[in-house]
Amino acid sequence: MNQLTKEQFASLIAFNSLINKFKLNRDVKITLLQIDEWYQLGITQYEAINSTVAVGEVPKRLSRDEYFIRIAQVVAERSTCSRAKVGAVLVDPRTNRIVATGYNGSIKGSPHCIDVGCMMVEDHCRRTIHAEMNAVLHLEHNYDILYLYSTHEPCAECFKALKTANVVKMTYINRYKDDVRDLIRKELEDESRKTKKT
Ligand SMILES: [Zn+2]
Ligand SMILES: [Zn+2]
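Cut-off values and rules
- Numbers given for residues are sequential positions, taken from 1 along each chain in its written order.
- Chain labels run from A onward and ligand labels from 1 onward, assigned in the order the entries are written.
- It should be noted that, the model being predicted, local features are given only for residues of pLDDT at least 70 and side-chain atom pairs only at 80 or more, the latter also being counted only at that level, while totals for whole chains, interfaces and linings use all residues.
- With C-beta atoms placed from the backbone, a residue is labelled by how many other C-beta atoms lie within 10 Å of its own: buried for 20 or more, exposed for 12 or fewer, partly exposed between the two.
- Counting from the N terminus, the helices are the DSSP runs of H or I reaching at least four residues and the strands are the DSSP runs of E reaching at least two.
- In this description, the arc belongs to the directions extending from the helix axis to the C-beta atoms.
- Think of it this way: build a C-beta for each residue from its backbone, and any pair within 7 Å is a contact.
- Should DSSP find at least two bridges between two strands, the strands are regarded as paired.
- To get an axis, a line is fitted to the C-alpha atoms, and for a helix only the part in contact is used. The angle between two axes follows their N-to-C directions and goes from 0 to 180 degrees.
- Whether a crossover is right-handed comes down to one check: with the strands pointing away from the viewer, does the path from the first strand over the helix to the second run clockwise; if it does, it is right-handed.

1. A word on helix 7 (residues 156-164)
- Among the residues of helix 7, Cys158, Phe159 and Leu162 are the ones counted as buried. One side of helix 7 carries all its buried residues, which in axial view fall inside an arc of 100°.
- Against the buried residues of helix 7 lie helix 6 (131-137), strand 5 (146-152), strand 6 (167-174) and helix 8 (179-197).
- Positioned one or two residues after helix 7, Asn166 has a phi angle of 70°, which is positive.

2. As for the sheet that holds strand 2 (residues 97-103)
- Pairing in this open sheet of four strands is mixed, and the strands run 2-1-5-6 from one edge to the other. On the outer flanks of this sheet lie strand 2 and strand 6, each paired with one strand and no other. Averaged over neighbouring strand pairs, the angle between their axes works out to 20° when direction is ignored.
- Sitting on the sheet, helix 4 (residues 64-76) touches strand 1 (87-92), strand 2, strand 5 and strand 6, and the angle it makes with strand 1 is about 140°.

3. Section: the pairing of strand 5
- The buried fraction of strand 5 is high, at six of seven residues.
- As judged from the four bridges shared by strand 1 and strand 5, these two strands associate in the antiparallel manner. Across the sheet, the residue bridging to Val91 is Tyr147, located in strand 5.
- Note: strand 5 against strand 6, six bridges, orientation parallel. Across the sheet, residue Ser150 finds its bridge partner in strand 6, namely Tyr172.
- In this view, the connection linking strand 5 to its parallel neighbour strand 6 by way of helix 7 has right-handed handedness.

Below, the structure is given as structure tokens:
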């Protein structure tokens, strides 16, 4: 039987769940009902310490950004190119609704890279339409403002298409080096600074 009083037992578990919360960087929730049950069952101090995480762990709720990025990762799984799997999600930030998705794939009627191999020109596969471009093409309406969530940073051509579709925020997981895109982005930023001043 427990040597501790019920109150001591409860505070011990509360303390350990707090430690586990920091160790795991997750929310750990122990209900009063669980504590009561453990106490009634005569679970020892040692068992209580070790069971707090297993019994009381509550999965953290995804942030909105994580939610859309995870969806972009799933969209990427549909890619037909063997070189890279890219997924893109366009979101209307006023409603937080997904308005289009896209992955890199062949155009209608042409074979898939995963079946026939990539069409390599200057170290890039040229057969596919990029994920972001596909997402823009799949938009059913024009939007004043959109957010992009993608597995990869957009290339120059996609960046231009996204900007023309009024994408104001781009969140991605992997960086992609593209000097042309960086030039275009810098010029845009310089222009917007100028217009703000005047
Ligand atoms: Zn390919
Ligand atoms: Zn691209």
